[in-house]
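Analysis of the macromolecular model
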Amino acid sequence: MKTNLYSSIIEKISSDKFSSIFILVDENTEQFCLKLFIKKTGIKSFNKIIIDSGEENKNIDTCVSIWDQLNSFKADRKSLLINLGGGVLTDIGGFAASTYLRGIKFINIPTTLLGMVDAAHGGKTGIDFKLLKNQIGVFNDPLEVLLDNDYLKTLSKEEFINGYAEVVKHSLLTDKPDLTFNSLVKLDLFNDSEYIINSYSLVKNEIVKSDKYESSIRKVLNLGHTIGHAVESYSHISDKIIDLKHGQAIVIGIINELYISHKKFNFPLRDVVSVKEHLKKYFTLIPLKENDMENIYDLMVYDKKNEGSKINFVLLKEIGKPVIDQIVDKELFKESFVFYNE
Ligand SMILES: NC(=O)c1ccc[n+]([C@@H]2O[C@H](COP(=O)([O-])OP(=O)(O)OC[C@H]3O[C@@H](n4cnc5c(N)ncnc54)[C@H](O)[C@@H]3O)[C@@H](O)[C@H]2O)c1
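Residues numbered from 1 in each chain as written. Predicted model: local features only at pLDDT ≥ 70, side-chain atom pairs only at ≥ 80, totals over all residues. Heavy atoms only, no water.

**As for the overall build of the chain**
Helix and strand content of the chain: 15 helices and nine strands. A compact globule built from 342 residues should have a C-alpha radius of gyration of about 20 Å, and the chain, at 20 Å, falls within 12% of that. With respect to the principal axes defined by its C-alpha atoms, the chain has extents near 60 × 40 × 35 Å. Scored against the burial criterion, the 342 residues of the chain give a buried share of 55%. Partitioning the intrachain contacts of the chain with sequence separation of at least 6 by distance along the chain shows that 74% fall at a separation of at least 24. Of the side chains in the chain, 43 bear a positive and 47 a negative charge, and the two mean positions are spaced by 4 Å. (Helix = DSSP H or I, 4+ residues; strand = E, 2+ residues; numbered from the N terminus. Rg over C-alpha atoms; globule rule 2.2 N^0.38 Å. Buried < 20%, exposed > 50% of the residue type's maximum accessible area, 1.4 Å probe, protein only. Contact = heavy atoms within 4.5 Å. Lys, Arg positive; Asp, Glu negative; His and termini not counted. Charge placed at Lys NZ, Arg CZ, Asp CG, Glu CD.)

Pasting the structure below:
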């Protein structure tokens, strides 16, 4: 058992530093992860807060229910919230903790690949609002993020693969030869998951370290997300395409934005094609029609990362060489979907 991983958390929860400890779970992480967490930490005294799983619950109502439960258990400013779950849970748990009594401490224990490699790190917390993802939130770092891939054993294959989109994104952003996309494709997602989690979460952490509040370099992490977030929101509101998971939508964003990079910056077409082919091994690329594109474009205009009505993209000159704040016209946006649909 990887007990040494837990030594810092065990020390924190067994000290009298915190007046009370809360563990936030959803119905799946309660069933599959909580017992393991209790066994590994030996924690005895805590209150459990349960929320419903799913992106559709990453909203203010769920947040109110967390605040309500903290209130009813008389949480105070010295309470600690432990978020045990995927990206939805760590996003909302981090936000609820950061706003309750002007902020209580929280720890993230991600239990999905996506959470381990991306969502649990970097201090972005938040909820969706109306049609838009992550529209309300704050930057606030967790006290600690613990990566234990033992939790992945109960994750469905579909959810496991969902997190791979962000791994591919990180491999396109780094210029470290042993981590770039060409090295990643030589790994086995399932057998090498521990290495993948530790290495590619570091890519994110290094970027975040130099620009916590996303005023410049951190924006590169939005590669694939300008189009991807709009596709994700569209899939939730439209009956024309199936509901997409975050990773599935980001894959569409990555392919389109790499094609746009090719057109604007001569990013090699052979790399765009090999990324698309590699992603197709794991993800089904759903066809998107002209009308879908129009709706996705409109949603992008409302994205919070845009200034005025200009849509800001992160593009690549080559693998490991991102450029931020790029404006892309609608024609090129549409052309990228022609490439995507081929
Ligand atoms: N804050 C950030 O920087 C950041 C970065 C990337 C993504 N995100 C957010 O992350 C979210 C997506 O996260 P996700 O893909 O982890 O989704 P998720 O949290 O919805 O988890 C996916 C599903 O797996 C279940 N689950 C979690 N762990 C499990 C386990 N070990 N065994 C069995 N079932 C388990 C959950 O209950 C859920 O049903 C999105 O809301 C996205 O916006 C945030």
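**Describing the nonpolar core**
Generally speaking, a soluble globular protein has its nonpolar side chains buried in company with each other. Core analysis: the biggest nonpolar cluster contains 84 residues, and F37, I82, L84, I109 and L172 have the highest contact counts within it. Sort the elements by how many residues they give to this core and helix α12 (residues 246-265) lands first, with nine residues. The residues that make up this core include at least three from each of domain 1 (3-154) and domain 2 (157-341). With residues near it in sequence (within four places) discarded, I109 still touches I9, F37, I82, N83, L84, G85, L146 and Y151. Listed in part, the 18 residues of the second largest apolar core include L81, L89, I92 and F95. (Core = buried A, V, L, I, M, F, W, Y, C linked by side-chain atoms within 4.5 Å. Domains from an automatic or database assignment.)

**Some remarks on the domain arrangement of the chain**
Examined at the domain level, the chain breaks down into domain 1 (3-154) and domain 2 (157-341). When domain 1 packs against domain 2, the two sides together hide about 2,400 Å² of surface, and 64% of this comes from carbon and sulfur. Considering only the surface of domain 1 that becomes buried against domain 2, L113, V117 and K133 emerge as the three largest contributors, covering 26% of it. On inspection of domain 1 and its partner domain 2, the count reaches five salt bridges. Between K212 and D141 there is a salt bridge, with the nearest N and O atoms lying 3.3 Å from each other. The interface formed by domain 1 and domain 2 holds six residue pairs in polar contact (both at pLDDT 80 or more) in total. (Buried area = accessible area lost by both parts, 1.4 Å probe. Salt bridge = Lys/Arg side-chain N within 4 Å of Asp/Glu carboxyl O. Polar contact = N/O pair within 3.5 Å; in protein donor to acceptor, adjacent residues only side chain to side chain.)

**Let's talk about the packing of aromatic side chains**
One pass over the full model with this rule turns up ten aromatic pairs. The interplanar angle of 80 degrees and the centroid separation of 5.3 Å between the aromatic rings of F139 and Y213 together place this pair among those described as edge-to-face. You can see F139 sitting in strand β6 (residues 132-139) and its partner Y213 sitting in the loop between α10 (193-210) and α11 (225-237), a full 74 residues away along the chain. Taking relative accessible area as the criterion, F139 reaches 30% and is therefore assigned partly exposed. Between Y259 and F339, the aromatic rings sit 4.8 Å apart at their centres with planes inclined by 20 degrees, giving stacked as the arrangement. (Phe/Tyr/Trp six-rings, centres within 6.5 Å; stacked < 30°, edge-to-face > 60°.)

**Some details on unusual backbone geometry**
For L101, which is not a glycine, the phi torsion comes out positive at approximately 50 degrees. Positive phi, close to 65 degrees, is recorded for R102, a residue that is not glycine. By the secondary structure assignment, R102 is in the loop between α5 (87-99) and β4 (105-110). Accessibility expressed as a relative area gives 76% for R102, which makes it exposed.

**Some remarks on the pairing of strand β5 (residues 124-129)**
With five bridges connecting them, β5 and β6 associate as antiparallel partners. Residue I127 lies in a different strand from β6, and its bridge partner there is I136. Counting the residues that bridge the hairpin from β5 to β6 gives two residues, and of these K130 lies at a positive phi of roughly 50 degrees. (Pairing = 2+ DSSP bridges.)

**What about the pattern of salt bridges?**
Summed over the entire model, instances satisfying the criterion amount to 24 salt bridges. Two residues, K219 and D325, come together in a salt bridge whose shortest N-O distance is 3.0 Å. Taken as a pair, K219 in the loop between α10 and α11 and D325 in strand β9 (residues 321-327) lie far apart in primary sequence, 106 residues in all. By relative accessible area, K219 is classed as buried at 16%. Between K330 and E294 there is a salt bridge, with the nearest N and O atoms lying 2.8 Å from each other.

**Observations concerning a negative patch on the surface**
Judged by side-chain charge, E27, D52, E56 and D243 come together as a negatively charged surface patch. What makes D243 exposed here is its relative accessible area of 52%. (Patch = residues over 30% accessible without salt bridge, like charges linked within 9 Å, V, L, I, M, F, W, Y side chains within 5 Å. Areas by Shrake-Rupley, 256 points an atom, 1.4 Å probe, with all protein chains shown as cover.)

**Things to note about the pairing of β9**
Taken together, the five bridges between strand β8 (residues 312-318) and β9 define a ladder with antiparallel strand orientation. Bridging from a neighbouring strand, E318 pairs with K321 of β9. Following β8, the chain reverses through two residues before pairing antiparallel with β9; G320 in that reversal takes a positive phi of roughly 85 degrees.

**Some words on the site of the ligand**
The environment of the ligand is formed by 27 residues, the closest being D26, E55, G87, T112 and T154. In the model, an oxygen atom of the ligand is placed 2.8 Å from a nitrogen or oxygen of the K58 side chain. Against a free-state accessible area of 880 Å², the protein chains account for coverage of 91% of the ligand. Of all the secondary structure elements, the ones that give two or more residues to the shell around the ligand are α2 (27-32), α5, α6 (113-119), β6 and α7 (157-162). Taken together, domain 1 (3-154) and domain 2 (157-341) each give at least three residues to the shell around the ligand, which thus spans both. (Near = heavy atom within 4 Å.)

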